[in-house]
Amino acid sequence: MHIGTTLAELTEKIIQGDRIMRGDDLSIFLDAPLDELQKNAYILQKHFCGNHVDLCTIINGRSGRCGEDCKYCAQASCHHTGIEEYDLLPQNEIINNARANEKAGVNRFAIVTSGRALTGKDFSRALETYRKMKQTLNIELCASHGFLTAEQFHQLHEAGVTSYHHNIETSRRFFPSICTTHTYDDKIHTIKLAQDEGLCVCSGGIIGMGENWNDRLDMAVSLAELGIQSIPINALMPIKGTKLANLPRLADKDILRTIAFFRFINPEANIRLAAGRKLLPNNGETAFISGASASITGNMLTTSGTTIHDDLEILERLGLSNK
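The present account deals with the structure reproduced in this document.

Procedures and definitions
- Residues numbered from 1 in each chain as written.
- Predicted model: local features only at pLDDT ≥ 70, side-chain atom pairs only at ≥ 80, totals over all residues.
- Heavy atoms only, no water.
- Core = buried A, V, L, I, M, F, W, Y, C linked by side-chain atoms within 4.5 Å.
- Buried < 20%, exposed > 50% of the residue type's maximum accessible area, 1.4 Å probe, protein only.
- Helix = DSSP H or I, 4+ residues; strand = E, 2+ residues; numbered from the N terminus.
- Contact = heavy atoms within 4.5 Å.
- Axes fitted to C-alpha atoms, helices over the stretch in contact; angles between N-to-C directions.
- Left-handed = near helix turned anticlockwise from the far one by under 90°.
- Nonpolar A, V, L, I, M, F, W, Y, C, P; charged D, E, K, R; others polar.

Nonpolar side chains in soluble globular proteins tend to end up buried together. Within the largest apolar cluster, 90 residues are counted, with the highest numbers of intra-cluster contacts made by Phe29, Tyr130, Met133, Leu156, Phe262, Phe264 and Ile265. Counting residues per element, this core draws most heavily on helix 9 (residues 252-265), at eight residues. Setting aside residues up to four positions removed in sequence, Tyr130 forms contacts with Ile111, Leu141, Cys142, Ala143, His145, Leu156, Ala159 and Val161. Grouped together as the second largest cluster of nonpolar side chains are seven residues, Cys56, Ile58, Val112 and Cys142 included.

Spelled out as structure tokens, the structure:
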């Protein structure tokens, strides 16, 4: 579409049903004053998401010893980060964690496992855990188990899982710079299999890995083309022992700009704060009125996050709610 000359004009066009497409001139998102971009992103957020903010938590269900070579990841076996390594957690430990998060007021709960894919006995054990959670809890269930088959997605769905997490990580152009053991197209294929099964897909990426602004814009457009409903935006927290350990941390203004233009490009999606929130003032409070309508809360996989109680207080202070 014709973007228009002002952010206000663009905001109104999106509310009326126009959508940004690949090939549109997106320079307005890089040139506009940040405060103006945030203000209009919040108008879109309010229009499409109302006052609701979706909160999810994750448990690191299987840690370390991953054979993939993602340069940012503490769990890749090619890195030496000193993280705790363990096999799939016992069912009771996972369910007790989910129950505690449900009681604390979280909307959804995800089991995340390291490795290219969860298979064999571990996958069967995970299915049984999902079934038990579905029977005994009311919290929505999400899974993140790598590159699965169509049959595995069907089994997850039958077990009670409604969402699947699988990040595209960055732009197609930059992807080979951060991973060589699988491809961008492998990612897209897996996402489409999950969507074909009827699962909501949660897919986003990491900013601050050495990509440029056009890569970030391209990632946002790619996610819109895929029809992704939940988009986690991680800001790289460089971890000692990984290949990206010496990269500088992003400035808060760059994270906030990214969140805001993701809202413009994916107006109906949940733009979800993820790792790197502590790089933002007050754990990202400003982001919730700049386009972000969701967040991972509690601890992240290998980096500390924020607490559920803190997030609920932030939402109340802003007149928002996860109910």
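Now, onward.
On to the packing of helix 4 (residues 91-104) against helix 5 (residues 120-136), then. Helices that pack against each other are described as a pair by the angle of their axes relative to one another and the distance between those axes. Relative orientation of the contacting elements helix 4 and helix 5 amounts to 35°, with a least axis distance of 10 Å. Read as a crossing pair, helix 4 and helix 5 show a hand that is right-handed. Listed contacts from helix 5 to Gln91, Ile94, Ile95, Ala98 and Arg99 of helix 4 are Glu128, Thr129, Lys132, Met133 and Thr136. Looking at the contact of helix 4 with helix 5 residue by residue, the classes come out as four nonpolar, three polar and three charged.

With that settled, the discussion passes to the environment of Pro90. Mapping Pro90 onto the fold places it in the loop between strand 1 (54-62) and helix 4. As a C-alpha pair, Pro90 and Ile228 span 138 residues in sequence and 31 Å in three-dimensional space.

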